[in-house]
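Architecture at a glance
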Amino acid sequence: MATMDEPLYPIAVLIDELKNDDIQLRLNSIRRLSTIARALGEERTRKELIPFLSENNDDDDEVLLAMAEELGGFIPYVGGVEHAHVLLPPLETLCTVEETCVRDKAVESLCRVGSQMRESDLVDSFIPLVKRLAAGEWFTARVSACGLFHVAYLSAPDMLRTELRSIYSQLCQDDMPMVRRAAATNLGKFAATVEPTHLKTDIVSMFEDLTQDDQDSVRLLAVEGCAALGKLLEPQDCVAHILPVIVNFSQDKSWRVRYMVANQLYELCEAVGLESTRMDLVPAYVRLLRDNEAEVRIAAAGKVTKFCRIVNPELALQHILPCVKELSSDSSQHVRSSLASVIMGMAPVLGKDATIEQLLPIFLSLLKDEFPDVRLNIISKLDQVNQVIGIDLLSQSLLPAIVELAEDRHWRVRLAIIEYMPLLASQLGIGFFDEKLGALCMQWLQDKVYSIRDAAANNLKRLAEEFGPEWAMQHIIPQVLEMVKNPHYLYRMTVLQAISLLAPVLGAEITCSTLLPVIVNASKDRVPNIKFNVAKVLQAMIPIVDQSVVDKTVRPALVDLTEDPDVDVRFYAIQALNSMDNVMMST
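Reading guide: rules and limits
- Residues numbered from 1 in each chain as written.
- Predicted model: local features only at pLDDT ≥ 70, side-chain atom pairs only at ≥ 80, totals over all residues.
- Heavy atoms only, no water.
- Helix = DSSP H or I, 4+ residues; strand = E, 2+ residues; numbered from the N terminus.
- Rg over C-alpha atoms; globule rule 2.2 N^0.38 Å.
- Contact = heavy atoms within 4.5 Å.
- Areas by Shrake-Rupley, 256 points an atom, 1.4 Å probe, with all protein chains shown as cover.
- Salt bridge = Lys/Arg side-chain N within 4 Å of Asp/Glu carboxyl O.
- Buried < 20%, exposed > 50% of the residue type's maximum accessible area, 1.4 Å probe, protein only.
- Core = buried A, V, L, I, M, F, W, Y, C linked by side-chain atoms within 4.5 Å.
- Axes fitted to C-alpha atoms, helices over the stretch in contact; angles between N-to-C directions.
- Parallel < 35°, antiparallel > 145°, perpendicular 65-115°, else oblique.
- Left-handed = near helix turned anticlockwise from the far one by under 90°.
- Nonpolar A, V, L, I, M, F, W, Y, C, P; charged D, E, K, R; others polar.
- Patch = residues over 30% accessible without salt bridge, like charges linked within 9 Å, V, L, I, M, F, W, Y side chains within 5 Å.
- Lys, Arg positive; Asp, Glu negative; His and termini not counted.
- Charge placed at Lys NZ, Arg CZ, Asp CG, Glu CD.
- Expected span 1.5 Å × (residues − 1).
- Bend = angle between axes of the 7 residues up to and from the residue.
- Arc of directions from axis to C-beta.
- 1 Å grid on protein atoms, 1.4 Å probe; cavity = no way out; pocket = protein on both sides within 12 Å on 5 of 7 lines; lining within 4 Å.
- Points joined across faces, edges and corners; volume = space filled by probe spheres on them.
- Polar contact = N/O pair within 3.5 Å; in protein donor to acceptor, adjacent residues only side chain to side chain.
- Phe/Tyr/Trp six-rings, centres within 6.5 Å; stacked < 30°, edge-to-face > 60°.
- pLDDT = per-residue confidence, 0-100.

1. Examining the overall build of the protein chain
- Helix and strand counts for the protein chain come out as 39 helices and zero strands.
- For 587 residues, the compact-globule estimate of 2.2 N^0.38 gives 25 Å, and the protein chain exceeds it by more than 25% at 34 Å.
- Across the protein chain, contacts joining residues at least 24 apart in sequence account for 67% of those joining residues at least 6 apart.
- Accessible surface for the protein chain amounts to roughly 26,700 Å². Of this, 51% is attributable to carbon and sulfur atoms.

Listed below in structure tokens is the structure:
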């Protein structure tokens with residue numbers, strides 16, 4: 001009897017847990033659906049489990065979301081693609097719930113199931129489902145329907161295709177803005193499946209309806225449709241149907257729509273082609289750069305380099321550069337920051353002469369900006385300008401801004417400039433770096449903020465890698481070792497960290513002759529924090545130095561530390577000795 005009841009057990013557990021008041025139990029049960037389906041077998045899954053799920057009216061969105069996700073991959077558990085249609089009823093129910101994320105997941109799962117179904121099943125089961133949802137009384141069903149048309153249309157016979165296009169057209173004119181938004185969002189996917197003959201008539205007509213919608217939330221989604229449709233239409237049709245819409249949208253009464261145009265501008269230019277961009281979109285772009293709303297100017301400023309690459313340098317100099325000059329002194333710091341993040345890329349586009357005459361003054365004004373992010377955005381892209389105008393001219397204007405940033409009162413600004421220092425070093429060259437910036441790098445080791453000192457130590461390592469051990473021995477090491485005498489123990493700890501990072505770069509010879517004696521001497525420091533950090537540094541040096549040096553110098557220093565009164569010092573010293581023994585055993 002027990003063996004006969006056994007197959008019933010999983011479904012009994014599922015039903016019990018799905019009806020449990022504890023949401024976690026219900027969730028666990030839903031997430032184990034695939035396990036339960038395997039236990040039940042394909043036939044009982046189709047006849048018992050799926051109908052049960054269809055009737056389950058759980059009111060918790062988290063449970064419904066998990067169910068929608070699970071059902072998307074359920075085809076193998078119901079007997080393969082020939083039985084895939086049995087998954088449609090529970091997913092159809094989930095497409096009508098109020099919670100958006102549940103509906104979206106149900107639509108995603110329906111698309112997964114529909115894309116694997118046989119053509120005959122699509123016609124018999126999937127397309128009727130889409131039609132039912134599209135005719136749903138409650139708007140949630142109609143919203144979900146919009147995301148399914150591209151799957152249904154591919155396998156539909158001609159008569160049904162005409163009907164599907166007609167239904168989608170009705171959804172584009174639905175009374176509810178939420179439905180029209182969904183129709184606008186999914187129009188590109190649907191258009192990609194429609195035949196070219198109907199694309200120019202039906203789809204373009206739907207698109208034009210959406211672009212003239214009285215709700216800005218619908219029109220701004222139609223902006224994305226411009227780019228999607230532009231890729232599907234012939235160039236002459238793009239100019240006839242898409243270009244006027246983009247130009248109108250760039251003057252739309254809603255700033256959100258204008259923002260979307262500014263944000264999508266590069267894709268829109270690709271849609272209408274080079275000639276139309278130069279003729280029609282340059283004036284539209286200039287309008288966006290001078291828009292009343294800061295958000296629109298931010299989006300437009302961020303595309304300035306991409307746009308200049310599309311149009312020729314003469315047009316860029318004539319129309320766009322005057323706007324760029326205005327934006328560099330914009331009242332909004334975020335507009336200036338957006339411009340600063342891309343403006344350096346204009347230098348290769350405009351060439352050396354125009355960069356020196358026109359762009360360099362703009363760079364300088366942005367380098368002196370009161371807002372730190374603006375200055376950092378300029379400095380982080382210097383290599384693009386360096387390639388065009390050369391280091392001499394660049395360095396004359398650059399240095400004051402770097403010094404100012406290096407001493408900025410905001411520690412995060414100082415941190416950012418440290419992170420760019422190796423990049424600057426490689427761009428400016430060793431001579432310029434030694435003369436102008438070397439002192440700054442040492443100054444950061446004694447900063448009041450730990451994160452700055454830590455970054456400064458790492459910076460020295462990266463500079464040593466960039467310029468080589470000989471340069472490091474001449475310019476870094478003497479000054480670092482001098483700081484060991486600093487009366488404040490936190491700065492002495494920074495020196496230990498810098499030494500441990502530099503040792504692998506400098507090699508065994510310099511480490512043994514110059515760095516190791518300083519570390520051993522520091523093991524006699526009066527501060528326990530220094531001593532246990534000495535133990536850590538000595539442990540890190542074991543793989544670098546020769547075995548004879550380990551036995552003669554490192555081991556005695558560590559043995560002395562194992563007898564220290566402080567428990568932490570003893571702990572790290574013993575750990576280092578154990579590490580040393582392990583290295584010896586492995587070799």
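Back to the text.
2. Some points on the pattern of salt bridges
- Across all of its chains, the model carries 18 salt bridges by this definition.
- Linking D174 and R142 is a salt bridge whose minimum nitrogen-to-oxygen distance equals 2.7 Å. Residue D174 is found in the loop between α12 (158-172) and α13 (177-191), and its partner R142 is found in helix α10 (residues 139-146); the two are separated by 32 residues along the sequence.
- Here D174 falls in the buried class, since its relative accessible area comes to 11%.

3. Thoughts on the nonpolar core
- F126, F149, I343 and W444 are the most contacted members of the largest nonpolar core, which has 211 residues in total.
- Ignoring anything within four residues of it in the chain, the contact list for I343 reads T305, V324, L359, I362, F363, L366 and I378.

4. Digging into the packing of α13 against helix α14 (residues 196-211)
- At a minimum axis separation of 10 Å, α13 and α14 run at an interaxial angle of 155 degrees. Regarding the angle of α13 to α14, the classification is roughly antiparallel. The chirality of how α13 crosses α14 is left-handed. Residue-level inspection shows R180, A183, A184, L187, F190 and A191 of α13 in contact with α14, the latter providing L199, I203, M206, F207 and L210.
- A breakdown of the residues in the contact of α13 with α14 according to their chemical character gives 10 nonpolar, no polar and one charged.

5. Remarks on a negative patch on the surface
- Taken together, the side chains of D61, E62, E98 and E99 make up a negatively charged region of the molecular surface.
- Residue class for E62 comes out partly exposed when judged on its relative accessible area of 42%.

6. Considering helix α5 (residues 42-55)
- The end-to-end C-alpha distance of α5 is 19 Å, a good match for the 20 Å that 14 residues give at a rise of 1.5 Å each.
- L49 marks where α5 bends most, by close to 25 degrees; the proline P51 follows one to four residues later.
- Looking at α5, one finds that the buried residues are R44, T45, L49, I50, F52 and L53.

7. What about helix α18 (residues 265-272)?
- Where α18 is concerned, the buried positions are L265, L268, C269, A271 and V272. Projected down its long axis, α18 shows its buried positions confined to an angular sector of 155 degrees, all on one face.
- In this structure, the buried side of α18 is in contact with α15 (216-232), α16 (235-249), α17 (255-263), α19 (274-289) and α21 (304-310).

8. Some thoughts on the layout of surface pockets
- Estimates place the volume of the largest pocket at around 320 Å³.
- For the largest pocket, the lining is made up of 15 residues, of which D104, V143, A182, T185 and N186 are closest to its centre.
- Residue assignment for the lining of the largest pocket shows that the elements contributing at least two residues are α8 (100-116), α10 and α13.
- When the residues that make up the lining of the largest pocket are grouped by side-chain class, the tally is five nonpolar, six polar and four charged.
- As a volume, the second largest pocket reaches approximately 220 Å³.
- Y450, R453, L490, M493, T494, L496, Q497, S500, N533, K536, V537 and A540 together form the lining of the second largest pocket.
- Every element with two or more residues in the lining of the second largest pocket is listed here: α32 (450-467), α35 (489-506) and α37 (528-541).
- The greatest single-element share of the lining of the second largest pocket, amounting to six residues, is contributed by α35.

9. Side note on the packing of helix α20 (residues 294-301) against helix α23 (residues 333-343)
- Contact geometry of α20 with α23 gives a least axis separation of 8 Å together with a crossing angle of 5 degrees. With respect to their mutual orientation, α20 and α23 come out roughly parallel. Seen from α20, the contacting residues are A294, R297, I298 and A301; seen from α23, they are H334, V335, S338, L339 and V342.
- Class assignment of the residues belonging to the contact of α20 with α23 gives a composition of six nonpolar, two polar and one charged.

10. Comments concerning the side chain of K303
- Note that K303 resides in the loop between α20 and α21.
- The residues contacting K303, other than those within four sequence positions of it, are A262, N263 and Y285.

11. Section: the side chain of T211
- Inspection of the secondary structure assignment puts T211 in helix α14.
- Reaching out from T211, the side chain makes a polar contact with the backbone oxygen of E208 at a distance of 2.8 Å.
- Other than its neighbours up to four places away in sequence, T211 contacts R219, A222, V245 and F249.

12. As for the environment of L376
- Along the chain, L376 turns up in helix α26 (residues 372-379).
- According to the relative accessible area criterion, L376 is buried, its value standing at 10%.
- In the structure, L376 is positioned 274 residues away from V102 in sequence and 43 Å away in space, judged by C-alpha atoms.
- Apart from residues no more than four positions distant in its own chain, L376 is found in contact with L405, V413, A416, I417 and Y420.

13. Digging into the packing of aromatic side chains
- Applying the stated criterion across every chain, the model contains 10 aromatic pairs.
- Note on F149 and Y168: the rings are 5.0 Å apart at their centroids and 80 degrees apart in plane angle, and the pair reads as edge-to-face. Within this pair, whereas F149 is found in helix α11 (residues 149-155), its partner Y168 is found in helix α12, the two being separated by 19 residues in sequence.
- Between Y153 and F190, the ring centres sit 5.3 Å apart and the planes meet at 90 degrees, which makes this aromatic pair edge-to-face. With Y153 in helix α11 and F190 in helix α13, the pair connects residues that are 37 residues apart, well separated along the chain. For the pair Y153 and F190, one class covers both residues: buried.

14. Re the confidence of the model for the protein chain
- Overall, the prediction assigns the protein chain a mean pLDDT of 81, with 92% of residues at 70 or greater.
- Mean pLDDT per element in the protein chain: helix α1 (residues 2-5) is the minimum at 39, and α20 is the maximum at 90.
- Confidence over residues 1-7 falls short of pLDDT 50; this stretch has two contacts with residues more than four positions distant or in other chains.

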